[in-house]
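Notes for the structure review
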Amino acid sequence: MCGIVGYIGKDDIKNRLLDGLAELEYRGYDSAGIAILQESDLSIYKATGKLENLREKAKEYSSGDTFGIGIGHTRWATHGKPTEANAHPHFAEFSYVVHNGIIENYSEIKKELTKKGCSFLSQTDTEVIVHLFEENLKEHKNTLVAFEKTISSLKGAYAILLITKNSPETIYFAKNGSPLIYGKGENGIYFASSDAPLIGSASEVVYLEDGEYGYATNSEEKFFLDFKELNPEFKKLHVNKTFAQKDGFRYFMEKEIYEQHQILLETMMGRVLEHDIVFEEFDAGILVGVESIKICACGTSYHSALAGSYLLERIAKIRTHVEIASEFRYKEPILKESELFVVISQSGETADTLEALKIAKASGLKTLAICNVDNSSIVRLADFTILTRAGIEKGVASTKAFATQIMVLWMLSLFFAKFKGHLQKSDIKKELHKMIESAASTKVDEKLHERLKKLSKRFLHGHGFFFIGRDIFFPLALEGALKLKEISYLHAEGYPAGEMKHGPIALADSELFTIALMPKNLLFEKIKSNVEEIAARDATIAAISPICIDSADDMIYIQNSDSYMVEFFEMMVVLQLFALEVSIRLGNDVDMPRNLAKSVTVE
Ligand code: AGP
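Below, the structure is looked at part by part. (Residues numbered from 1 in each chain as written. Predicted model: local features only at pLDDT ≥ 70, side-chain atom pairs only at ≥ 80, totals over all residues. Heavy atoms only, no water.)

Let's shift gears to a negative patch on the surface. Taken together, the side chains of Asp-509, Glu-511, Asp-538 and Asp-553 make up a negatively charged region of the molecular surface. Here Asp-538 is to be found in the loop between helix H17 (524-535) and strand S24 (540-545). (Patch = residues over 30% accessible without salt bridge, like charges linked within 9 Å, V, L, I, M, F, W, Y side chains within 5 Å. Areas by Shrake-Rupley, 256 points an atom, 1.4 Å probe, with all protein chains shown as cover. Salt bridge = Lys/Arg side-chain N within 4 Å of Asp/Glu carboxyl O. Lys, Arg positive; Asp, Glu negative; His and termini not counted. Charge placed at Lys NZ, Arg CZ, Asp CG, Glu CD. Helix = DSSP H or I, 4+ residues; strand = E, 2+ residues; numbered from the N terminus.)

Here is the structure:
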């Protein structure tokens, strides 16, 4: 997930672009860059890391108050490491482009362009856009036609801004799958990935729709869809910047829950193919000599690790053991070089997890990090890394990072199973469809959200919550309990449903709230009898299931599917929204709950 900005005017172009990029910081940056074209002079600056590195690089340059056009970009690495060469804007001979999204067919386009003699400086998918544009310009001689030909060749998600010396007063734009806003104000024309950078500059905006494209100069603007001209409706821009960074949601956590279905597609992009699973970060050699897997993590990442262990054993048939990092590092663990040591961390900076990784490295184990922040300490230390591509997660309570960790562990299970010969192509294809269905199942159903808003008012007191589940739904129960604890401050425990009768059921009474995860496709009869045991003791039960549970006081229905993993992802969203709504009702700061930090870099 990246951020792009554009400007046409004469009001200090450089700082308008840089200030616009600063408003997109919640989209994260591994690198940033700007390109400015004034008459025929083109200035381009790129820097890795935070935006201040780019400001430093461009500080001597002043765009003055002469008319010009400019584009800018903040990058969250998806294809290619966060190097300067991979930073946008990307360029060919005389054209420059910034892009947010993923061009799925970039490899084929790159091959064709290379045959035509194009040379590429970066590993990114984006760079093909600008070379393809110049090839089309050679053929069609008309800039707009060349741009139309270019975007109609692209498959995947994109928000594109392109400038060219061939048309030095014009910004070409296109939107498909990734957000792009066009704005107008008294000092010029503006483009941005969200409205935060436009506030205070643009007075009216167009939220471009998929398939729309066009061009703008200081005196002309054209919008098209399917090669036909459009007259889009301009809207007034609201003025609250923080509200804007949340794209209209009440909290970053809420926004991050709502974007999971798109984020998961980015996590899968380029890895989940028609009939195959591939990781550009490593090949099957990673498993040579490996007889078992040990996973170490903390908090929510520990829960995804636990869930992943069910998948790795069930699908890849690899013995997998999971440990809490803060326990592992002091227990004088017995490690074998035949173990693949996996660490999972959203931030890549969690002290306990980092120390566990150091212990594994010192013991000569092969190490793999599943992480959301490239260039973090854990990523730099691990032998191999899979980036989860969740984008910056601002809410302290992790949601989309957890979802992407589960998806990566599922993909990894399939990848290892394929390598070990446990899965045929046809089996892989079936699993891939379940993955895509699972990602789609995380799209929030507004009616479900309303239901949970209402239900939450019943759960604001009592002497505690049990979240219960079996098999892979036990780690999900742990996660649901943690979500509720950390933002509502109410006590909650995740528990294996089969274990309740071994003691905890003594707590059961009408003041004990039990949230039961009851998938149709995995051990349904077992969990049903566990719930009946508790219901018989008068506990208050909310069941999450596609099936009506007579013994439950409340039902939260999920869609009827034939995959327990689809049920897993859908129940995950229910638990996240439930915790969010209880916390909001209690008047807590959902995004920055008391006593917590987003990254625990201390012991
Ligand atoms: C998750 O909601 C919590 N904020 C916390 O448990 C977090 O998962 C834990 O601190 C691990 O962080 P990491 O994934 O960045 O290593």
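Moving on: the sheet that holds strand S15 (residues 235-236). Spatially, eight strands are ordered S3-S2-S4-S1-S10-S9-S11-S15 in an open sheet, and the strand pairing comes out antiparallel. Strand pairing shows two members of the sheet lacking a second neighbour, strand S3 (41-48) and S15, which therefore form its edges. Helix H1 (residues 13-22) rests against strand S1 (3-9), strand S2 (31-38), strand S4 (68-75) and strand S10 (188-192) of the sheet, and its axis sits at about 155 degrees to S2. (Pairing = 2+ DSSP bridges. Contact = heavy atoms within 4.5 Å. Axes fitted to C-alpha atoms, helices over the stretch in contact; angles between N-to-C directions.)

This paragraph deals with the nonpolar core. Counting 91 residues, the largest nonpolar core has Phe-416, Met-435, Phe-465, Phe-467 and Phe-568 as its most contacted members. It is helix H18 (residues 564-585) that contributes the most residues to this core, 14 residues altogether. In this structure, Phe-467 is in contact with Ala-477, Gly-480, Ala-481, Leu-484, Ala-492, Glu-493, Gly-494, Tyr-495, Ile-515, Leu-575 and Phe-578, ignoring residues within four places of it in sequence. One finds Ala-92, Ile-109, Phe-133 and Phe-147 within the second-largest nonpolar core, a separate group that totals 27 residues. (Core = buried A, V, L, I, M, F, W, Y, C linked by side-chain atoms within 4.5 Å. Buried < 20%, exposed > 50% of the residue type's maximum accessible area, 1.4 Å probe, protein only.)

Let us now look at the site of the ligand. Among the 15 residues in the neighbourhood of the ligand, the closest are listed as Ser-301, Ser-345, Ser-347, Thr-350 and Glu-486. In the environment of the ligand, an oxygen atom lies 2.7 Å from a nitrogen or oxygen atom belonging to the side chain of Ser-347. Here an oxygen atom of the ligand and a backbone polar atom of Ser-398 are 2.8 Å apart. Within the complex, 91% of the 410 Å² of free accessible area of the ligand lies under protein. (Near = heavy atom within 4 Å. Polar contact = N/O pair within 3.5 Å; in protein donor to acceptor, adjacent residues only side chain to side chain.)

Before going further, it helps to examine the side chain of His-303. Following the sequence through the fold, His-303 ends up in helix H9 (residues 299-316). When sequence neighbours within four positions are dropped, the list of residues in contact with His-303 reads Phe-402, Pro-475, Leu-478, Glu-479 and Leu-482.

Moving on, we come to the environment of Pro-89. With respect to the helices and strands, the residue Pro-89 is situated in the loop between S4 and strand S5 (90-91). Once the C-alpha coordinates of Pro-89 and Leu-162 are considered, the two residues, 73 residues apart in sequence, prove to be 9.0 Å apart. Not counting chain neighbours up to four residues away, the residues in contact with Pro-89 comprise Gly-33, Ile-34, Ala-35, Ile-44, Lys-46, Ile-71, Val-97 and Val-98.

Our next topic: the pattern of salt bridges. For the structure shown, the criterion picks out 29 salt bridges. Between Lys-59 and Glu-56 there is a salt bridge, with its nearest N and O atoms 2.7 Å apart. Among the ionic contacts, a cluster of salt bridges with common partners joins Lys-294, Glu-323, Lys-331 and Glu-339.

With that settled, consider the packing of helix H4 (residues 127-140) against helix H5 (residues 143-153). The angle between the axes and the distance between the axes are what describe a pair of packed helices. Where H4 contacts H5, the two axes come as close as 8 Å, and the packing angle between them is 135 degrees. On the basis of the axis angle, H4 is oblique to H5. When the axes of H4 and H5 are compared, the crossing they make is right-handed. Residue-level inspection shows Ile-129, Leu-132, Phe-133, Asn-136, Leu-137 and His-140 of H4 in contact with H5, the latter providing Thr-143, Val-145, Ala-146, Phe-147, Lys-149, Thr-150 and Ser-153. Split into classes, the residues belonging to the contact of H4 with H5 amount to seven nonpolar, five polar and one charged. (Parallel < 35°, antiparallel > 145°, perpendicular 65-115°, else oblique. Left-handed = near helix turned anticlockwise from the far one by under 90°. Nonpolar A, V, L, I, M, F, W, Y, C, P; charged D, E, K, R; others polar.)

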